[in-house]
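Single-letter residue listing:
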Amino acid sequence: MCSATSYKMASAMQEKQYTPSLLSFFIYNPTFGPREGEEEKKILFYHPSDIEKNEKIRNVGLCEAIVQFTRTFCPTKPAKSLHTQKNRQFFFEPEDNFWIVMVVRNPMIEKPNKDGKPPTIEYQEEEILDTVYGAVVRQCYSMYKLFNGTFGRAMEAGGVELLTQKLEKFFYRYLQTLHLQSCDLLDVFGGISFFPLDKMTYLKIQSFVNRVEESLSLIKYTAFLYNDQLIWSGLEQDDMRILYKYLTTSLFPRHSEPELAGRDSPLRPEVAGNLLHYGRFLTGPTNLKDPEAKFRFPKIFVTAEDGYEELHLIVYKAMSAAACFMISASVELTRDFCEQLDGLVGPQLTLLASDICEQFTINRRISGPEKEPQFKFIYFNHMNLAEKSTIHMRKTASVCLTSVHPDLMKILGDINCDFARVDEDEEIIVKAMTDYWVVGKKSDQRELYVILNQKNANLIEVNEEVKRLCATQFNNIFFLD
Amino acid sequence: MGMTEPPQQHYLELSENPVQFEHASSVNNVFFDEANKQVFAVRSGGATGVVVKGPDDKSSVAFRMDDKGEVKCIKFSIGNKILAVQRTSKSVDFINFIPDYPHTEFSQECKTKNANVLGFCWTNWNEIVFITDQGIEFYQVFPDKRSLKLLKNQSINVNWYQYCPETAVILLSTTVQGNILQPFAFRNGTMSKMSKFEIELPVIPKPAKLSLSERDIAMATIYGQLYVMYLKHHSRTANSPSAEVVLYHLPREGACKKSHVLKLNTTGKFALNIVDNLVVVHHQSSQTSLIFDINLKEPDCAVNTHQPVLPARSIHPYRMPLAGPAVVPSQPPVPCQLYSSSWSVFQPDIIISASEGYLWYLQVKLHPTVNLLQDKGKLMDFLLRRRDCKMVILSVCSQSTLPVVATVFDKLNQVYKEYLEAEQSYTVAMESGPSRGSAAQKRPVRTQAVIDQSDMYTHVLSSFTERKEVSHKFVIAVLMEYIRSLNQHQITVQHYLYELVIKTLVQHNLFYMLHQFLQYHVLSDSKPLACLLLSLESTYPPAHQLSLDMLKRLSTANDEIVEVLLSKQQVLGALRFIRSVGGHDNVSARKFLDAARQTGDQMLFYTVFRSFQQRNQRLRGSPAFNPGENKPRVHSPDGKLYQNHRKLMKPTIGGLKI
């Protein structure tokens, strides 16, 4: 995998700055090859695959040893990461004896030397955060589990052979979509962005969901999103969290092009009965009329009362509104069903989408034109996973863009680590090197991070400014000043 | 859902307690007065007795009168004050029934020479109208003087007449063909001529002859408006395939207009009744009846054409209770012959069998309509206009599919909202003083169609949520649908509905669903709701945050917020909060200090203690607490400790600003 490189112009000399990148990623189970000579059996997945076998074994062995060693100090909490000059390793045991290890190369600066000497490389060991990359590893596992179920499940179904197949198939593609250089605080939160909506429109959506679930009784759960933001989830919170991640960072970006194309879009409204509609399947058949169309949908695994249940994931979209319908995987989905769904949901969802859009425009008009504010913020609520960021641009398939300097993002991450250490409400105000003020507030289960661009402000003024922000942006929640 | 008994098909029935009278015979003549709804059984011209049976016992009378010839017409004035009897075609006789007034009969001849009295109508307790073949004469009766005074008369050729006692309107059939109808209205001694109108005949006879029969015309008020109903028989020559009922709207003022056409889709002999604002058409040969609701909108042009609301059905079979001394307990009741040719039908809802001596009121049964009318939206429109609709409507609510339930709720809430608004504007009008304007507002009438949240809760939702066979998914969907409909009609949702939603969600462990509903404020903020959420905290910890948020938004619950925080030992949080809302000056120091002490954290206690001392200093110039008021329980014993600490304390400690 090639690492993304960015250039930074420094006074006279040209420095080359390298962002953190993925060195290796492997999964092993020490119980699979306990005897000498059988070490290779422990390794279930190794990226990059072209590494020499003995090196793989050595690396796995090292991790095993570190974990084992640190266990002697705290049997319940063995090491989670290992910091070295050149890289950082993250250990995660998602299921008993199954270990996922991710090795990230530290960001570095390459300083060219005069006289043709090889450039000096300066590793920035302290620039990356354990919390951020620890969260990335956990996310990798959650994503695998969403589409494949647990490691244990694959073991039961087909032993090590099946598990390694599944891991290979999943991670080969998934690791290519990891963009370690743009991971930040939001990955730690793994939050959900909710679409702001008035009560009446929300109730209409409720009514829509309930009616569809009644008339298509195969549907077990429904989730409803607008503009890539969640409005309703019939799934439990943790399942929704990872499904949301998949939808917004993978599925939707892949399908956004026709909509971005605007008016000249080749999308033609479908006619169901005598109703025009813009509904289409994002998963499953691309064209219902195609006689060759396949009615296969991705399968996902969600928590159920007794372990896990496997579901078909139907994602259906009309304009900016997307509905996810989940149906037990034991049912075979037919053309008939898809046509029925298309005919029922298409017109209603189209109507609903334009309703929401209209309501949204009205609300925006009432609240006044959006001025570029003096501050940027990230808000997160642990209770409902609600996240809001004015720092991050729209997510695209490739990267998640932020509008602030990575140094500031690092400060946010540091403050977050501080908050994680204590249970009490806290407030931290930092003046960054670049003259920005960074304020972190924690009240009960909520966290707020504000970046203020007022270099001449003093501590009191900054404090006042944040109070004002809370009063305007968060007046409807209990958030202590 | 789970209907076990066969569906009831008959939607019309005869009243259970008919008025019974001695049946008509050669010695017993029977008369019916539509105004007082009294049946007169006159034996031998009254010599052997007149028995009057009314709708209730109060209006029932029995008396004797001299036989002065055959009785043609007999009626009491309103309130049974004066009896009028017509025995000849020239005059009407009167007998006082007011105690202490002379009982001797007196008589009045019609004023118009050579005229024949067709009949008479009482329009008041002492006002009477004679209808003759040459016009009408309006009299006032003076029972004490035993005389009458002519108030007004009008010359006009009359074929026959009809009287609508409810509106005191007399309708005269005039001209040779009889199809020009002239109505007159009477009120408090005045007679006013209303505009005449023409009934369109299916065929114009040549030569002209009387072509409009009295039997084919009826008057009745439907939805508060007076209508003349014309039973238009089919005619081969006019090529009309079946009979229809044409309704002419007769307003108090202005012209009469043809307004509705009811399609009967058959031919034969018909009779009309009005029950609960429905036009009931009885068809004798098929022994069935049809009902029409003129307010049910049919997508049609200028004149509203209506099809029957429901398929034709016969009146519910009726068994005659055997009464009188001859009754033997073991004898089964005799089935009554419905649609018998001896039946006479009177407006609005009376059916009389003179040969059997029964008077029934016709009634509509609403329960069978639920199964007969498939279009539930139309069913709701129909039911909402009926008098005893509440329980039937409520029964429909919980046994349909979701879209139907939604339609039903919307229709109910539309009516509910209109009532609330009327009530509201009435209250406003009353408060602003009744003096204003002559049009004093009437208090809105609450009909059964007004189904409020408590009806819905008691009769539908609360029992529905407990039904085991209904999936909780559907229950919640129905509850949300009801809340949606209330919101759509801008009706404030009552707390008990939210409670029901929460109870149902909690019962099925659907906390995340609840969380989302609260997040979008679907369950509106209130103190009781916030308290309910607090009580859920032990099973669902996020309820704590939801509750605090709600209390904050209410902005009238600052005390509650402080209590919640103190109970969680968040003493500093409570203190900061009370300061931020400006309540620090008036707050009781004791509860803060008590809470701080309970934490066992001496630094915390000191911080809180100092904070209040500073407050006291600012307010009263002294750090001392007022004796008796806000006095902390702790004093000097620990004082030393604070002295020592004071040196270490700075205004800001850690991240906590005090």
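Residues numbered from 1 in each chain as written. Chains lettered and ligands numbered in written order. Predicted model: local features only at pLDDT ≥ 70, side-chain atom pairs only at ≥ 80, totals over all residues. Heavy atoms only, no water.

Under the annotation held in an unreviewed UniProt entry, chain B carries the name Mic1 domain-containing protein and is attributed to Amphiprion ocellaris.

As a reminder of what qualifies: UniProt positions are given in the numbering used here, feature names are shortened, and annotations may be inferred rather than shown by experiment.
Labelled according to an unreviewed UniProt entry, chain A appears under the name CCZ1/INTU/HSP4 first Longin domain-containing protein, originating from Amphiprion ocellaris. Its UniProt record gives chain A the following Sequence similarities (unreviewed entry) comment, quoted word for word: "Belongs to the CCZ1 family."

## Quick word on a negative patch on the surface
Here is the rule: Without a salt bridge and with relative accessible area above 30%, a residue can belong to a patch; like charges are then joined within 9 Å and nonpolar side chains (Val, Leu, Ile, Met, Phe, Trp, Tyr) within 5 Å. In this description, accessible areas are obtained by the Shrake-Rupley approach with a 1.4 Å probe, and a residue is regarded as covered only by the protein chains that are shown. Any carboxyl oxygen of Asp or Glu within 4 Å of a side-chain nitrogen of Lys or Arg constitutes a salt bridge here. His is not counted, nor are the chain ends, whereas Lys and Arg count as positive and Asp and Glu as negative. Taken as the charge location is NZ of Lys, CZ of Arg, CG of Asp or CD of Glu. Only DSSP runs of H or I covering at least 4 residues are called helices, and only runs of E covering at least 2 are called strands; the numbering of each starts at the N terminus.
Judged by side-chain charge, Glu125, Glu126, Glu127 and Asp407 of chain A come together as a negatively charged surface patch. Locating Glu126 of chain A in the fold gives a position in the loop between β9 (120-123) and α2 (130-148).

## Looking at the environment of Gly357 of chain B
Along the chain, the position of Gly357 of chain B falls in the loop between β31 (350-353) and β32 (358-364). Distance in space between the C-alpha atoms of Gly357 of chain B and Pro18 of chain B is 9.5 Å, their sequence separation being 339 residues.

## Brief notes about the interface of chain A and chain B
Inclusion rule: By definition in these notes, contact holds between two residues if any of their heavy atoms fall within 4.5 Å. Once two parts are put together, the accessible area they lose, assessed with a 1.4 Å probe and summed over both, is termed the buried area. Think of it as three bins: nonpolar holds Ala, Val, Leu, Ile, Met, Phe, Trp, Tyr, Cys and Pro, charged holds Asp, Glu, Lys and Arg, and polar takes everything else, Gly as well.
Between chain A and chain B, the residue contacts involve 40 residues of the former and 40 residues of the latter. A buried area of about 3600 Å², summed over both sides, lies between chain A and chain B, and 55% of it is on carbon and sulfur atoms. The largest contributions to the chain A side of the interface with chain B come from Lys199, Met383 and Phe478 of chain A, which together make up 19% of the buried area. Summed over the shared surface of chain A and chain B, the number is 3 salt bridges. For Glu481 of chain B, the salt bridge is made with Arg211 of chain A, and the minimal N-O distance between the two is 3.8 Å. Contributions of two or more residues to the side of chain A that touches chain B are made by α5 (199-215), β10 (219-226) and β11 (229-233) of chain A. Per element, the largest residue contribution to the side of chain A that touches chain B is 11 residues, and it comes from α5 of chain A. Here the side of chain A that touches chain B is composed, by residue class, of 17 nonpolar, 11 polar and 12 charged.

## Quick word on the pairing of strand β18 (residues 375-381) of chain A
All names here are of chain A. Inclusion rule: Only protein chains enter the area calculation, which uses a 1.4 Å probe; residues under 20% of their type maximum are buried, those over 50% are exposed, and those in between are partly exposed. Two strands pair under a simple rule: DSSP has to find at least two bridges between them.
Counted residue by residue, β18 has 6 buried out of 7 residues, so it is predominantly covered. The pairing of β18 with strand β24 (residues 446-452) spans 7 bridges and is antiparallel. The residue bridging Asn381 from the neighbouring strand is Arg446, located in β24. Across 4 bridges, the pairing between β18 and strand β19 (residues 386-389) is antiparallel. Bridge pairing in β19 places Phe380 opposite Glu387. Where β18 folds back onto β19 in an antiparallel hairpin, the turn is made up of 4 residues, including Leu385, whose phi is positive at roughly 65 degrees.

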